[in-house]
Each structure stands twice: as C-alpha cells, then as structure tokens.
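# Fold and contact review
These are the residues of each chain, in order.
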Amino acid sequence: MYNKPDFRYRAESFTILALNAWELLLKSKWLVGNGNRLSSLYVREGGGRKRPRYKRTRSRSPFTHSVDYLAKKLTEMKVMNEACSKNLEALAELRNTVVHFYHKSPQLAERVQEIGMATVKNFASAAQDWFEEDLSWFNFYLMPLSFVTPPSATEVVELNKEEKNFLRYVKSLDDQYADPNARYSVSINVEVHFVRSKSVAATPVRVTNDPTATEVRLTEEQISERYPWDYRKLSDECRKLYSGFKVDRRYHELRRELERDTRFAHVRRLDPRKAKSSKKTFYSPAILQEFDKTYKTI
C-alpha cells in the first residue's frame with residue numbers, strides 16, 4: 001500500500017496497518033510464553049484467581065492488552081529489543097497523530113518513512129527470532145521518497161503544534177538509539193545514491209531533460225563522480241581513443257552542442273546564486289558514445 005505511486009493517505013494507512021501487524025505478532029509471542037492461554041491477553045478488572053473479572057467492550061467481548069503494554073512487558077522480560085520497543089512507541093504516537101488530524105508537511109512524511117523502514121526491518125527480524133519465520137520472500141521494502149512524489153522545492157508548509165511535538169519526540173529517540181549496525185532500530189535514514197551496477201536487480205535510472213520526470217537531486221560529490229572530466233581531460237581521452245583526432249573547429253562545435261545535454265555535461269559556477277559568476281564545464285564519460293558516431297576509434 002505504501003508503494004502505490006499516488007495514494008494520498010498511504011503513509012497514514014501504512015502506520016495504522018503496520019501497528020496492527022505488530023499487535024498480532026506481540027500477542028502471538030505473549031501466548032507462546034503463557035501456555036497459549038487466551039485469557040492471558042485479557043485486561044483484568046478484579047475478581048479472584050479462580051474467577052477473575054475482565055474489562056469488557058460495548059459488545060461485551062473481553063478487552064485485550066494494548067501494544068504498549070505487551071511491548072513494555074516483553075522488553076522487561078528481555079524478550080524484545082529496547083530499540084524495537086521504542087520504534088513501536090514512535091509508531092503508536094504517529095498513529096495517534098495521523099488518525100485525528102490530516103497532515104501535509106514534507107518533514108512529517110520523511111519521518112514516517114524513516115520510522116516505517118525500521119518497523120518493517122524490525123518486524124521481519126522479530127518474526128525470524130521468535131518463530132523462525134523467514135519473511136524475505138515477501139520482498140519487504142519501502143520505496144525511497146526520491147522516487148515517490150518528492151515535495152516541491154517551492155512548497156512551504158507550516159508545521160502545526162502536533163507535528164512539531166511528534167518530530168521533537170522522534171528526534172529524542174534517535175539520539176538515544178543511533179547504532180546503524182544494530183539488528184533492531186528506532187528509525188532508518190534513507191539516502192539515494194546512483195552507482196553503476198551490472199546486477200539484474202538494480203533499479204534502472206536514466207538522466208533526462210523531460211520536465212515531467214521525477215526529480216532527483218545530487219550532491220556536489222555525486223555530481224563530481226558523474227562528471228569527472230574537465231576540458232583538458234576530455235580532449236586527452238579523445239586523442240587516445242580516436243584515430244587522427246585533432247582539437248579543431250569540428251571538435252569544438254560537436255562538444256558545445258553536446259554540452260547542452262545534461263547526460264553529457266554539467267556546468268559548475270563559482271557562485272551558483274549569480275548568473276554571471278565564473279563557470280567551468282565538466283563532462284561525463286558517456287559523451288564518448290556520441291563522439292563515436294563522428295570519429296573513428298583506433
């Protein structure tokens with residue numbers, strides 16, 4: 001449900017369903033430790049040991065213990081990892097926030113994903129640790145925000161009081177449980193990097209000038225990796241590759257034409273904020289594919 005590309009309430013729906021899944025998993029683990037007695041899940045209101053009295057719902061069904069109660073008890077018993085328990089606390093707090101209000105802030109959407117990634121990872125780990133169930137065949141993952149309706153750079157949404165309180169709360173948990181190598185996590189920071197890969201499972205990504213395509217922003221370091229050649233290096237590579245190559249008018253005209261395409265060149269300005277700032281052009285090795293159409297290789 002979360003990975004649907006244009007589902008307006010997907011983050012909130014994911015939060016509710018993920019917490020429901022965790023509640024069922026915790027109740028299963030609780031029953032295992034209590035002789036599979038269903039009554040061990042009921043909230044008692046009084047009565048003796050032989051004839052206990054249980055709290056009832058409007059339909060007169062017994063109330064069962066909450067996610068918070070079960071997570072706390074299992075953590076105290078050293079059955080549940082503390083970071084995993086804190087992740088569920090954050091998820092429950094998020095659930096309480098989203099079911100009562102509608103939120104649009106990009107900051108909250110980002111935090112939902114970071115918490116959700118940890119929730120999915122923790123769920124799969126707990127299912128394997130507690131019940132020897134391997135869930136890897138489900139291909140659990142949450143699509144990175146960079147590929148799912150990234151917020152517009154011009155859009156500004158003011159955080160309301162509830163959102164500010166929640167984000168502050170999650171940050172306090174992150175500060176306490178920030179081990180990236182831990183089996184269980186409170187939240188997971190998501191970063192998207194482009195690397196060359198021959199793996200058939202790799203996600204294909206193509207640079208394009210299509211204004212309707214999803215925008216993905218690169219850091220300066222990533223730009224340097226993608227466009228490593230300056231003018232001198234590009235000319236040297238052409239001399240090595242092409243027979244009778246000369247730095248002449250034909251070369252300059254072709255190079256300048258290809259510089260207009262972001263697949264092959266990137267212009268870096270000394271001061272990006274000033275249009276008249278001094279600049280330098282860098283090239284991607286992919287530009288040689290176009291030169292191959294004009295020059296003969298050695």
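For the structure itself, consult the block above.
Residues numbered from 1 in each chain as written. Predicted model: local features only at pLDDT ≥ 70, side-chain atom pairs only at ≥ 80, totals over all residues. Heavy atoms only, no water.

## Quick look at the environment of Glu259
Structurally, the position occupied by Glu259 is in the loop between helix H8 (249-258) and strand S3 (265-269). Under the relative-accessibility criterion, Glu259 is labelled partly exposed at 23%. (Helix = DSSP H or I, 4+ residues; strand = E, 2+ residues; numbered from the N terminus. Buried < 20%, exposed > 50% of the residue type's maximum accessible area, 1.4 Å probe, protein only.)

## A look at the pairing of strand S1 (residues 44-47)
As paired elements, S1 and strand S2 (residues 52-54) share three bridges and run antiparallel to each other. Across the sheet, the residue bridging to Gly47 is Pro52, located in S2. Once S1 ends, the chain turns through four residues before running back antiparallel as S2. (Pairing = 2+ DSSP bridges.)

## Some details on H8
Buried residues of H8: Tyr251, His252, Leu254, Arg255 and Leu258, and no others. Buried residues along H8 cover an arc of 170° about the axis, so they all sit on one side. Projecting away from the buried face of H8 at angles above 90 degrees are the exposed residues Arg249 and Glu257. The inward-facing, buried residues of H8 contact helix H7 (231-241), S3, strand S4 (279-283) and helix H9 (288-291). (Arc of directions from axis to C-beta. Contact = heavy atoms within 4.5 Å.)

## Remarks on unusual backbone geometry
Although it is not a glycine, Asn36 sits at a positive phi angle of roughly 60°. One can find Asn36 in the loop between helix H1 (10-33) and S1. A relative accessible area of 61% places Asn36 in the exposed class. Look at Arg60: it is not a glycine, yet its phi comes out positive at around 75°.

Honestly, it's all geometry; don't read function into it.
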